[in-house]
Structure formats: C-alpha cells, structure tokens
Amino acid sequence: MEININCDLGEKSKFHSIKNDPELLNIVNSANIACGYHAGDKQTMDMVIQISKKNGVSMGAHPSFNDPENFGRKRIYLNSLEIKKLIFEQYEILQKIAQKHNENITHIKPHGALNNMACEDLELATTLALAIKEINKDIIYLVPTGSQMEVAAKKNSLRIACEIFADRNYEDDGNLISRKKPNALITDPDIAKKHVLNMVKNQAINCLSGKQIPCEIDSVCIHGDNESSLATAKSIKDNLVNNGLILKPLNKMDKFN
C-alpha cells in the first residue's frame, strides 16, 4: 500500500521560523510551499525548491488569503473572481521560480482559513476546483478527505489526493477541531504515529470522541510550524515504513501514473 507524507514549508514569518525546513525535507515526500501571501518570500521559495529537487521531494503551491498579519488564518470573504486571482497569482509566482531550476509545480494545496472555509462551503470549494482546473487539469489537488473540497474536485474530474492531518484532532463531522480549542493539536510524536497508522490502515478518520469515519487516504500532512514537527515527522515516517507502507511523492504514486 502506498502513502505520501506532505508538509507545509517555506512559511517564514513573524509567527514561524523555517529552521527545521531542510531537515523536514529529508523526511517528507511532498512540499506545500508558501507563495508569499501568508508567509515566505522568493528566497524561501527558491530554497525549498532547491532542497526538494535534491531530495526527490515533489513540489506544490500552498496558496492562501493575502494576509501575512494573521498567517492566512483569518476568514476573509471574497467573490469567486477574487479567489481565482489569488490562486492564479500564487501558482504563477512559485512556478516561475521552479522553472528556473528546471522543475514544475505538480500539486496545489490551499492554506489556512481558505482551506478550512472551502472544506465546509461547496460554492467556495467549487470556485477553487475550477481555478485549479483552469491552471492545469492534470495537476494534483491535495484536499482534506471527506470535505466539500473533495466533493467539488470529484465533480470537476480533477486528479485528487485525499489527506489526513497527523497532528490535529477531528470533530465528529470530520472537520478539524478549531485551533482555538485546547485539544486541537497532537504534540506527542508517539500519539501522532499511532493516530496516523490507525487511520491509514483503516482508511478512516479517528475522531476525538472515538468515532471513525470511513474515507479515502492518500497522504498524511505534518505541519511544519509546530515545535514538535520534526520529531513527529520522523516518528510517523518510521512507523509507516516499519508497518509495510511504501512512501512516495504525490506525482510518483501509482494512482497518478
């Protein structure tokens, strides 16, 4: 069974250091690279792309609201044209830098509040899906499993990878528990590795209540902006490999080839 580990990277900002990024890029299979609108800049994009290329890590755009003051985590209500413009601009910024290194962006994964809102709102999810289809109908769209984003992507015949979050707890409706709540994050690498293996093996979300929701799981997201992200990433990777899973970059998975 194949699985992918992805991580949000290049998120240099007043909220977050990128000191762990080079080491995380030795562990993960795919990088979701901040495009400068919530975090990062051309230098961080260039750095992540260079290390990703060297390590055989596939590269994706991680577009967000243009809101560095809130790290892209504040809900902003925009019309469909404004949303599409956000996605097009950030993809193009990153793709231009990738092409300087003879590389291409092979997936897209929205960030923060934009992602959370689209998980719940089919209209917004459809706007995102159509924007991504317009960029490249063959690009891989990384979406939270069981979300409205998955529904909209499938309706629009996009190539999708469904992800779970290694270091987050889930509500009974399959959405992530809000970061404002004390039990939103899983910071213990041992708990995280068991949480992930259980979900991947069962192809089901583990809710905090104990409820399980059957779903498709292609990829595991590790957030690069937690203190324990490095230890968590190592623990999860080793545990998946030790349990017979084959780790691959998104664009190398059999599902997409």
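Scroll up to find the structure.
What counts, and at which threshold
- Residues numbered from 1 in each chain as written.
- Predicted model: local features only at pLDDT ≥ 70, side-chain atom pairs only at ≥ 80, totals over all residues.
- Heavy atoms only, no water.
- Helix = DSSP H or I, 4+ residues; strand = E, 2+ residues; numbered from the N terminus.
- Rg over C-alpha atoms; globule rule 2.2 N^0.38 Å.
- Buried < 20%, exposed > 50% of the residue type's maximum accessible area, 1.4 Å probe, protein only.
- Contact = heavy atoms within 4.5 Å.
- Areas by Shrake-Rupley, 256 points an atom, 1.4 Å probe, with all protein chains shown as cover.
- 1 Å grid on protein atoms, 1.4 Å probe; cavity = no way out; pocket = protein on both sides within 12 Å on 5 of 7 lines; lining within 4 Å.
- Points joined across faces, edges and corners; volume = space filled by probe spheres on them.
- Nonpolar A, V, L, I, M, F, W, Y, C, P; charged D, E, K, R; others polar.
- Core = buried A, V, L, I, M, F, W, Y, C linked by side-chain atoms within 4.5 Å.

Peer 1: Before we move on, could you go through the overall build of the chain and cite the residues and values that matter?
Peer 2: Within the chain one finds 8 helices and 10 strands. Relative to the compact-globule value of 18 Å for 257 residues, the chain shows a C-alpha radius of gyration of 17 Å, a close match. Projected onto the principal axes, the alpha-carbon positions of the chain cover approximately 40 × 40 × 40 Å. Looking at the chain as a whole, 56% of its 257 residues are labelled buried. Contacts spanning at least 24 positions in sequence make up 72% of the contacts within the chain whose residues lie at least 6 apart. About 11,100 Å² of surface is accessible on the chain, with carbon and sulfur atoms providing 48% of the total.

Peer 1: So what's going on with the layout of surface pockets? Which residues, and what values?
Peer 2: The computed volume of the largest pocket comes to approximately 740 Å³. Forming the walls of the largest pocket are 30 residues, and the residues nearest its centre are Arg75, Gly112, Asn116, Arg168 and Leu176. A per-element tally of the lining of the largest pocket places helix H4 (residues 112-120) first, with 6 residues. Its residues placed into classes, the lining of the largest pocket shows 8 nonpolar, 13 polar and 9 charged. Around the second largest pocket, the lining comprises 14 residues; the ones closest to its centre are Tyr77, Leu78, Asp121, Glu123 and Leu124. Where the lining of the second largest pocket is concerned, the elements lending two or more residues are helix H3 (80-100), H4 and helix H5 (122-135).

Peer 1: Provide a residue-level description of the environment of asparagine 175, including the pertinent values.
Peer 2: Locating asparagine 175 in the fold gives a position in the loop between strand E6 (159-165) and helix H7 (189-202). With a relative accessible area of 22%, asparagine 175 lands in the partly exposed category. Measuring from C-alpha to C-alpha, the distance between asparagine 175 and glutamate 120 comes to 8.2 Å, with 55 residues separating the pair along the chain. For asparagine 175, the residues in contact, after removing those within four places along its chain, are Cys119, Glu120 and Tyr170.

Peer 1: Summarise unusual backbone geometry; cite the residues concerned and give the values.
Peer 2: In this structure, phenylalanine 71 takes a positive phi of about 55° despite not being glycine. Secondary-structure assignment places phenylalanine 71 in the loop between strand E3 (58-62) and H3. One non-glycine residue, glutamine 203, adopts positive backbone phi at about 45°. Within the secondary structure, glutamine 203 sits in the loop between H7 and strand E7 (204-206). Note on glutamine 203: relative accessible area 24%, which makes it partly exposed.

Peer 1: Outline the nonpolar core, supporting the account with residue identities and numerical values.
Peer 2: Counting residues in hydrophobic clusters, the biggest one holds 73 residues, and the most contacted among them are Tyr141, Val200 and Leu240. Not counting residues up to four positions away in its chain, the partners in contact with tyrosine 141 are Ile108, Pro110, Leu128, Ala129, Ile132, Met149, Ala153, Leu158, Arg159, Ile160 and Ala161. Counting residues in each nonpolar core, the second largest holds 6 residues, with Ile140, Ala161, Leu250 and Met253 among its members.

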